Amino acid sequence: MPKMKADNRARLLQAAENVTYRHGFGKASIADIAREARIPLGNVYYYFKTKDDIGGALVDLRVSRFKKLLQELDETGSPAERLCGFVQIKINNREGLARSGCPVGTFCSELHKHGGPVARKSTQLFALALAWTESQFKALGQGNDSRALAVHLLSATQGVSVLAHAFHDPDMITIEAARLKQWIRALETQDGVS
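Overview of the structure. It should be emphasised that the depicted structure is a prediction, and the values quoted were computed from it without experimental measurement. (Residues numbered from 1 in each chain as written. Predicted model: local features only at pLDDT ≥ 70, side-chain atom pairs only at ≥ 80, totals over all residues. Heavy atoms only, no water.)

### Some remarks on helix 5 (residues 79-92)
- Counted at 1.5 Å a residue, the expected span for helix 5 with its 14 residues is 20 Å, and the 20 Å between its end C-alpha atoms agrees.
- Counted residue by residue, helix 5 has 10 buried out of 14 residues, so it is predominantly covered.
- Every buried residue of helix 5 is listed here: Pro79, Ala80, Arg82, Leu83, Cys84, Gly85, Phe86, Val87, Lys90 and Ile91.
- Buried-residue contacts for helix 5 involve helix 4 (51-74), helix 6 (94-100), helix 8 (117-139), helix 9 (146-167) and helix 10 (171-190). (Helix = DSSP H or I, 4+ residues; strand = E, 2+ residues; numbered from the N terminus. Expected span 1.5 Å × (residues − 1). Buried < 20%, exposed > 50% of the residue type's maximum accessible area, 1.4 Å probe, protein only. Contact = heavy atoms within 4.5 Å.)

### Examining the nonpolar core
- The biggest cluster of nonpolar side chains holds 26 residues, and the ones touching the most others in it are Leu12, Ile33, Phe48, Ile54, Leu58, Phe107 and Leu111.
- Contributing elements (two or more residues each) for this core: helix 1 (3-23), helix 2 (30-37), helix 3 (41-47), helix 4, helix 7 (103-114) and helix 8.
- With residues near it in sequence (within four places) discarded, Ile54 still touches Leu13, Ala16, Ile30, Ile33 and Phe48.
- Leu83, Ile91, Ala177 and Leu187 belong to the second largest nonpolar core, which has 23 residues in total. (Core = buried A, V, L, I, M, F, W, Y, C linked by side-chain atoms within 4.5 Å.)

### Quick notes on empty space enclosed by the protein
- Scanning the model with the defined rule gives one cavity of 30 Å³ or more in all.
- Roughly 40 Å³ of internal volume is contained in the largest cavity.
- Around the largest cavity, the lining residues are Thr20, Tyr21, Gly24, Phe25, Arg62, Pro103, Thr106, Phe107 and Glu110.
- At the level of secondary structure, the elements contributing two or more residues to the lining of the largest cavity comprise helix 1 and helix 7.
- Ranked by residue count, the leading element in the lining of the largest cavity is helix 7, at four residues.
- Across the lining of the largest cavity, the residue classes break down as four nonpolar, three polar and two charged. (1 Å grid on protein atoms, 1.4 Å probe; cavity = no way out; pocket = protein on both sides within 12 Å on 5 of 7 lines; lining within 4 Å. Points joined across faces, edges and corners; volume = space filled by probe spheres on them. Nonpolar A, V, L, I, M, F, W, Y, C, P; charged D, E, K, R; others polar.)

### Let's talk about the pattern of salt bridges
- Within the structure shown, the criterion is met by seven salt bridges.
- Arg62 serves as the salt-bridge partner of Glu17, at 3.4 Å between the closest nitrogen and oxygen. Remark: Arg62 occurs in helix 4 and Glu17 occurs in helix 1; sequence separation between them is 45 residues.
- Residue class for Glu17 comes out buried when judged on its relative accessible area of 9%.
- Linking Glu134 and Arg147 is a salt bridge whose minimum nitrogen-to-oxygen distance equals 3.4 Å. (Salt bridge = Lys/Arg side-chain N within 4 Å of Asp/Glu carboxyl O.)

Right, dumping it as structure tokens:
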């Protein structure tokens, strides 16, 4: 794809990400996305034939970013450190999460209310997170409990994001993240994997 076309596509995806985060995927129109990207509406259809195509591309973009983030976490020390790094992401983003909610959680939740192929595709985002956290708990020596522990960790991080947003209180994330890190470190010590 020539550079200008790639740049326009990237601008449209960035605009779609911004617009859908602010207004929700359902309420965002292709015209809103074109306006945000400063690309004529008719040109959008060259890159994306339907709004679902945009949604699918947003899922692909977020999956790609998340895989990169997980690769970076994989380069850190122990499984416990990697899991604590995963939790740290919430702390680093706590102001935005308290102001606007979790972009991934909100996006997936909204898509699943309406169903369809993009909703099914969006499940990849949480499936990837669940598989990665489960693998870290296994590496931490948690064996058959690893899946349940991964579900607990994802539930806690998503749940505190929802609460922080509802109360516009980023400190909720800071407090819960500290507890989660303490819990993870206790699992590491309990199994003698330090």
